[in-house]
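Residues per chain are reported as follows:
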Amino acid sequence: MPEENFTFPPGYQWQYHVLLWFQKPASPWLDRVAMWASHLGLEWFYLVAVPVVLWSVNRTVGLRLAYIFLCSMFVNAWLKDVYQVARPIGVPGIRTSFLASASGHSFPSGHAQGSMTFWGVIASWLRRPWVWWGAMALVAVVGAARLY
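So, a few notes on the structure that sits alongside this text. (Residues numbered from 1 in each chain as written. Predicted model: local features only at pLDDT ≥ 70, side-chain atom pairs only at ≥ 80, totals over all residues. Heavy atoms only, no water.)

**Some thoughts on the overall build of the protein chain**
Link 1 in the chain: Helix and strand counts for the protein chain stand at six helices and zero strands.
Link 2 in the chain: The secondary structure elements of the protein chain, listed N-terminal to C-terminal, are α-α-α-α-α-α.
Link 3 in the chain: Within the protein chain, buried positions represent 38% of all 148 residues.
Link 4 in the chain: Sequence separation of at least 24 residues holds for 69% of the intrachain contacts in the protein chain that already meet a minimum separation of 6.
Link 5 in the chain: Here the protein chain displays about 9500 Å² of accessible surface, and carbon together with sulfur accounts for 69% of that area. (Helix = DSSP H or I, 4+ residues; strand = E, 2+ residues; numbered from the N terminus. Buried < 20%, exposed > 50% of the residue type's maximum accessible area, 1.4 Å probe, protein only. Contact = heavy atoms within 4.5 Å. Areas by Shrake-Rupley, 256 points an atom, 1.4 Å probe, with all protein chains shown as cover.)

**Digging into helix α5 (residues 110-126)**
Link 1 in the chain: Its 17 residues place the ends of α5 24 Å apart at the C-alpha level, agreeing with the 24 Å of an ideal helix rising 1.5 Å per residue.
Link 2 in the chain: Residues G110, H111, A112, Q113, G114, S115, T117, F118, V121, I122 and A123 constitute the buried set of α5.
Link 3 in the chain: The inward-facing, buried residues of α5 abut α2 (28-39), α3 (43-57), α4 (59-83) and α6 (129-147).
Link 4 in the chain: The opening residue of α5, the one whose side-chain oxygen lies 3.3 Å from the backbone nitrogen of H111, is S109. (Expected span 1.5 Å × (residues − 1). Polar contact = N/O pair within 3.5 Å; in protein donor to acceptor, adjacent residues only side chain to side chain.)

**Description of the nonpolar core**
Link 1 in the chain: Ranked by size, the top nonpolar core spans 18 residues in total, and within it L40, F45, Y46, V53, L65, F118 and I122 carry the most contacts.
Link 2 in the chain: When residues of this core are traced back to their parent elements, those giving at least two are α2, α3, α4, α5 and α6.
Link 3 in the chain: Counting residues per element, this core draws most heavily on α3, at five residues.
Link 4 in the chain: Dropping the residues within four chain positions of it, I122 is found in contact with V53 and L65.
Link 5 in the chain: In terms of nonpolar packing, the next biggest core, distinct from the first, is built from five residues, Y16, L19, V91 and I94 among them. (Core = buried A, V, L, I, M, F, W, Y, C linked by side-chain atoms within 4.5 Å.)

**Digging into helix α1 (residues 13-23)**
Link 1 in the chain: Taken together, the buried positions of α1 are occupied by Q15, Y16, L19 and Q23. Angular distribution of buried residues about the axis of α1 spans 105°; they occupy a single face of the element. α1 presents W14 and W21 as exposed residues on the side facing more than 90 degrees away from its buried surface.
Link 2 in the chain: Taken together, the buried residues of α1 touch α6. (Arc of directions from axis to C-beta.)

**Remarks on the packing of aromatic side chains**
Link 1 in the chain: What the rule picks out here adds up to eight aromatic pairs.
Link 2 in the chain: Considering the side-chain rings of Y46 and F69, the 4.4 Å spacing of their centres and the 40° angle between planes classify their relative orientation as tilted. Of this pair, Y46 sits in helix α3 while F69 sits in helix α4, and the two are 23 residues apart along the sequence.
Link 3 in the chain: Using a relative accessible area of 10% as the deciding quantity, one classes F69 as buried.
Link 4 in the chain: Cluster of aromatic residues (ring-pair linked, three or more members): W44, F45, Y46, F69, F118 and W119. (Phe/Tyr/Trp six-rings, centres within 6.5 Å; stacked < 30°, edge-to-face > 60°.)

Functional significance is not addressed by these values, which are geometric in nature.
Printed below as a string of structure tokens:
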């Protein structure tokens, strides 16, 4: 439980308990998995992956991916301004080492939304059930890693 003198923003108390639940099984191994999964949602991943799809795999899919991804990130930034959920940096009891330098609002997660957009477009292009299952699993891992 947080220190008595720590004041949560309005509506934040339930989020504290969700984060504690996700962080309860913390271990060095899970830290590495969460770090790896979080890196799949960083800007550099998309700055490399989208041009590779565009130039080396399929131009039409690459352009579609770029347009949909940019629109998705615009909507994400707009939703962050609408919801204005503070990042849990400095909240007693919450581990935030990976986010220590992050700024802005935390919800919805740009990492999770970006991976859902990217892998959703790839899965819809490939149209294979195992790709859909893999994409859904990867998106779930990235989302859980952001909470962890």
